[in-house]
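# Observations on the model geometry
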Amino acid sequence: MKHLGILLSGRGSNFLAIADAIDRGQIEDADISIVISNRAEAAGIAAARARGLSTQVVEARGRKRAEQDAEIIACLQDHGVDLVCLAGYMRLLSPEFVAAYPQAILNIHPSLLPAFPGLDAQAQALQYGVAVTGCTVHFVDEQLDHGVIVLQRAVPVLQGDDEETLSARILEQEHIAYPEAISRVLSGNYTIVDRRYVSRASHNETLIEESK
Ligand code: GRF
């Protein structure tokens, strides 16, 4: 049994997609051991409590990032977490955090990285005028939205899209991509060559999945 630790700051829809995927057996032999938020009022933390999961709020309270992260790492370790999943966690991780979980922290970002890292990725895509955007699940390293890519799903930008409609279309694909990426990583059937995630699975895993 592998133990997931979820970090979130807000709504928590990706967390719920992961929890649902575990419940229906799509992510096999795993549980969510702890859900941590840096914001007490995050809807995601209330949803986690409602599902009977263990939760912890670790606020910054003016502390340095490394101090807050040390508390989070201790909490993850207390709960035996094997894989950390950032799900709308709006704080950069300290180098100590990244070092504590080497190649064992995932993040989801609402663009096809390396395009449009950082905040408001959907608005950035609209402003730039791209015809295709999407979402990326990647390992977390010390740079923002930068680590090795596990899986991407593409989404068309349609005429008349605004930030809301485009974000909703991307979010639907996020909820498919994140459970699938977690399942692949937990299987251990991959190696990382340079920056590339290389599947060793017998089935045909692709890095970019076409949205249907
Ligand atoms: C998602 O768009 C995710 O890609 C980004 O933050 C948002 C979180 O949404 N990192 P939710 O809290 O999972 O609903």
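These numbers come from a predicted model, not from an experiment. (Residues numbered from 1 in each chain as written. Predicted model: local features only at pLDDT ≥ 70, side-chain atom pairs only at ≥ 80, totals over all residues. Heavy atoms only, no water.)

## Quick notes on the overall build of the protein chain
Of the regular secondary structure elements, the protein chain holds six helices and ten strands. Per-residue burial for the protein chain yields a buried fraction of 49% across its 212 residues. A fraction of 62% describes how many contacts in the protein chain between residues 6 or more apart in sequence connect residues 24 or more apart. Only carbon and sulfur atoms are counted for the fraction: they give 50% of the accessible area of the protein chain, which is about 10,300 Å². Side-chain charges of the protein chain comprise 18 positive and 28 negative groups, with the mean position of each set lying 1 Å from the other. (Helix = DSSP H or I, 4+ residues; strand = E, 2+ residues; numbered from the N terminus. Buried < 20%, exposed > 50% of the residue type's maximum accessible area, 1.4 Å probe, protein only. Contact = heavy atoms within 4.5 Å. Areas by Shrake-Rupley, 256 points an atom, 1.4 Å probe, with all protein chains shown as cover. Lys, Arg positive; Asp, Glu negative; His and termini not counted. Charge placed at Lys NZ, Arg CZ, Asp CG, Glu CD.)

## Brief notes about the domain arrangement of the protein chain
Taken as a whole, the protein chain is organised into domain 1 (1-102) and domain 2 (107-212). Taking only C-alpha atoms into account, the centre of domain 1 sits 20 Å from that of domain 2. Of the residues lining the interface, 20 residues belong to domain 1; the matching set on domain 2 comes to 17 residues. Summed over both partners, the interface of domain 1 with domain 2 comes to about 1,600 Å²; 71% of that surface belongs to carbon and sulfur atoms. Our count for the domain 1 to domain 2 interface comes out at zero salt bridges. Run the count over domain 1 and domain 2 and you get three residue pairs in polar contact (both at pLDDT 80 or more). The set of elements that each furnish at least two residues to the side of domain 1 that touches domain 2 consists of β1 (2-8), α1 (13-23), β4 (83-86) and α4 (95-100). It is α1 that provides the largest number of residues to the side of domain 1 that touches domain 2, a total of five residues. Among the residues forming the side of domain 1 that touches domain 2, the class breakdown is 15 nonpolar, three polar and two charged. (Domains from an automatic or database assignment. Buried area = accessible area lost by both parts, 1.4 Å probe. Salt bridge = Lys/Arg side-chain N within 4 Å of Asp/Glu carboxyl O. Polar contact = N/O pair within 3.5 Å; in protein donor to acceptor, adjacent residues only side chain to side chain. Nonpolar A, V, L, I, M, F, W, Y, C, P; charged D, E, K, R; others polar.)

## Comments concerning the nonpolar core
In a soluble, globular protein the nonpolar side chains are often hidden away together inside. In this structure, I18, L76, F97 and I182 are the most contacted members of the largest nonpolar core, which totals 58 residues. Top contributing element to this core by residue count: helix α6 (residues 163-187), with eight residues. Each of domain 1 (1-102) and domain 2 (107-212) gives at least three residues to this core. If we skip the residues at most four places from it in the chain, I182 touches L4, I18, I27, L83, C85 and L106. (Core = buried A, V, L, I, M, F, W, Y, C linked by side-chain atoms within 4.5 Å.)

## Comments concerning the site of the ligand
Taken together, R11, G12, S13, N14, G88, I108, H109, P110 and E174 make up the full set of residues near the ligand. Contacts to the ligand include R11, whose side-chain N or O atom sits 2.6 Å from an oxygen atom. Between the ligand and I108 there is a distance of 2.9 Å, counted from a nitrogen atom to a backbone nitrogen or oxygen. Here the ligand occupies the largest pocket. Contributing elements (two or more residues each) for the shell around the ligand: α1 and β5 (105-109). Grouping the constituent residues of the shell around the ligand by class yields two nonpolar, five polar and two charged. Counting the residues that make up the shell around the ligand, at least three belong to each of domain 1 (1-102) and domain 2 (107-212). (Near = heavy atom within 4 Å. 1 Å grid on protein atoms, 1.4 Å probe; cavity = no way out; pocket = protein on both sides within 12 Å on 5 of 7 lines; lining within 4 Å. Sits in = over half its atoms within 2 Å of the grid points.)

## Section: the packing of helix α5 (residues 121-128) against α6
Two numbers describe how α5 lies on α6: the axes approach to 9 Å, and their chain directions differ by 120°. Of the two possible hands of crossing, α5 and α6 adopt the one that is right-handed. Residue-level contacts link Q122, A123 and L126 of α5 to E163, L166, S167 and I170 of α6. Along the lines of polarity and charge, the residues of the contact of α5 with α6 split into four nonpolar, two polar and one charged. (Axes fitted to C-alpha atoms, helices over the stretch in contact; angles between N-to-C directions. Left-handed = near helix turned anticlockwise from the far one by under 90°.)

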